[in-house]
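Residue-level listing of the chains:
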Amino acid sequence: MSRARRRSAQPPRDRSVLAGFLSVLGELLITVGLVLGLFVAYSLWWTNVLADRQASARGDEIRRQWQQPSPGGAAQQPAGPGALDTRGGIGFLHVPAMENGEVLVKPGTSPDVLNEGVAGYYTEPVKAALPWEAKGNFTLAAHRDGHGAKFHDIDKVKDGDALVFETRDTWYVYKVFAELRQTSKYDVDVINPVPKESGRTAPGRYITLTTCTPVYTSKYRYVVWGELVRTEKVDARRTPPAELRR
Amino acid sequence: MYGWIWRHLPGNAWVRALISLAMVLAVVFVLFQYVFPWAEPLLPFNDVTVDEGSGAAP
């Protein structure tokens, strides 16, 4: 009895140091766990909130610019050298199969660009051809998760689905003809002007979507190819083409 | 560690709880605003492009 009381009143010094160390260690481990949990919330939720806000503000700005008469020739294709400020975005991609509305498209595929919740067209390693060019491949990349996750549902896109690109005065309607569900991240041939592995061998007007796969990782790349089937002039009320009116 | 902080906060239990909450929110803010944006590009979760593997492009 007296021994027990003495021990509880005055525990041996080395044991109390060990207990204190273990309790701090335990608290640190719990803290690390909470921080990692917060990081997941940041990656999968907060970056989407920020990117969607930024992209929709930017998209509204583009649409406002489109409503104003352009300085040189209203019906000009936006291909004239120096005529268009492409940095703000060149148009909107609509993919009905992904059910995510419109995706603003900007030049470049650096993280700075893609993190704004947009799709970027490749400027390197293989430069994309823009939709109004006579031949080539309009190659795009966007995030699968986080930062807007604009290509999250890319696996829902199947052969025959429509991909519609909207510019100031033209709707470019593409049809998907091939998917590559998994490829190496070094497989740059998929964004060639005539994309390798898509099955096509002749030059044409192609569109390529790339993003990472499987979801939540960046181990491989997912690729979807389409080709232009027709273009439609944008009318005064911006009536969308039949593919978007479902 | 947390016990030590709690013991060194002023005021009664309610005041301490309020200060603790403010401190937690401040930490979460710093993490979301500065630490996570810095850490994210260093982690291999969000590279979406194909590239030559030089490490220059994402």
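Model, not experiment: these values are computed from the prediction.

**Some points on the pairing of strand β1 (residues 91-94) of chain A**
On a regular strand, each side chain points to the face opposite its neighbour's, so the side chains alternate between the two faces of the sheet. Residue and element names in this part refer to chain A. Where β1 lies against strand β2 (residues 102-107), four bridges are found, and the strand directions are antiparallel. Opposite His-94, over in β2, you have Glu-102 as the bridge partner. Looking at chain direction, β1 and strand β5 (residues 162-166) are connected through three bridges and run antiparallel. By the bridge assignment, His-94 is partnered in β5 with Val-164.

**Some points on the interface of chain B and chain A**
At the interface, 20 residues of chain B touch 32 residues of chain A. Considering each element in turn, the side of chain B that touches chain A owes the most residues, four residues, to helix α2 (residues 13-39) of chain B. A breakdown of the residues in the side of chain B that touches chain A according to their chemical character gives 13 nonpolar, three polar and four charged.

**Notes on the sheet that holds strand β8 (residues 220-233) of chain A**
Sheets are built from strands paired through backbone hydrogen bonds, the pairs being either parallel or antiparallel. Residues and elements named next belong to chain A. If you walk around this closed barrel you meet the eight strands as β1-β2-β3-β4-β7-β8-β6-β5, and the pairing is mixed. Across the sheet, the mean angle separating the axes of adjacent strands is 30° when strand polarity is ignored. Two elements, strand β3 (residues 119-121) and strand β4 (residues 136-141), share two bridges in a ladder whose sense is antiparallel. By the bridge assignment, Gly-120 is partnered in β4 with Ala-141. Relative to β2, helix α2 (residues 13-67) is tilted by about 80°, and along the sheet it contacts β1 and β2.

**Focus on the environment of Thr211(A)**
Tracing the backbone shows Thr211(A) in strand β7 (residues 205-213). In sequence terms Thr211(A) and Lys150(A) are 61 residues apart; their C-alpha atoms lie 9.4 Å from each other.

**Description of the UniProt feature "transmembrane region" (unreviewed entry) in chain B**
UniProt annotation of "transmembrane region" (unreviewed entry) refers to residues 12-36 of chain B when read in the numbering used here. Its end C-alpha atoms 34 Å apart, residues 12-36 of chain B is made of 96% helix and 0% strand.

**Some words on α2(B)**
Along α2(B), the sharpest kink reaches roughly 40°, centred on Leu31(B). Burial runs low along α2(B): only zero of the 27 residues are buried.

**Observations regarding the confidence of the model for chain B**
Detailed reading of predicted coordinates is not advised where the pLDDT is low. Residues of chain B with pLDDT of at least 70 account for 86%, and the chain-wide mean is 84. As scored by the predictor, the complex reaches a pTM of 0.81 and an ipTM of 0.82.

**Thoughts on unusual backbone geometry**
Backbone phi values are negative for most residues with the exception of glycine, while trans is the configuration of most peptide bonds. All names here are of chain A. Look at the link from Glu-124 to Pro-125: it is a cis peptide, with omega at -5°. You can see Pro-125 is positioned in the loop between β3 and β4. With omega at -10°, the peptide bond leading from Thr-213 into Pro-214 counts as cis. Tracing the chain through its elements places Pro-214 in the loop between β7 and β8. A positive phi is found at Ala-149, a non-glycine position, where the angle reads about 45°. Residue placement: Ala-149 occurs in the loop between β4 and β5. Judged by the 20 C-beta atoms lying within 10 Å of it, Ala-149 is buried. You will see that Glu-197, though not glycine, has its phi angle at about 75°, which is positive. Exposure remark for Glu-197: the 14 C-beta atoms within 10 Å place this residue in the partly exposed category.

The rules behind the values
Residues numbered from 1 in each chain as written. Chains lettered and ligands numbered in written order. Predicted model: local features only at pLDDT ≥ 70, side-chain atom pairs only at ≥ 80, totals over all residues. Pairing = 2+ DSSP bridges. Helix = DSSP H or I, 4+ residues; strand = E, 2+ residues; numbered from the N terminus. Contact = placed C-beta atoms within 7 Å. Nonpolar A, V, L, I, M, F, W, Y, C, P; charged D, E, K, R; others polar. Axes fitted to C-alpha atoms, helices over the stretch in contact; angles between N-to-C directions. UniProt positions renumbered as here; feature names shortened; annotations may be inferred. Bend = angle between axes of the 7 residues up to and from the residue. Buried ≥ 20, exposed ≤ 12 C-beta atoms within 10 Å, placed from the backbone. pLDDT = per-residue confidence, 0-100.

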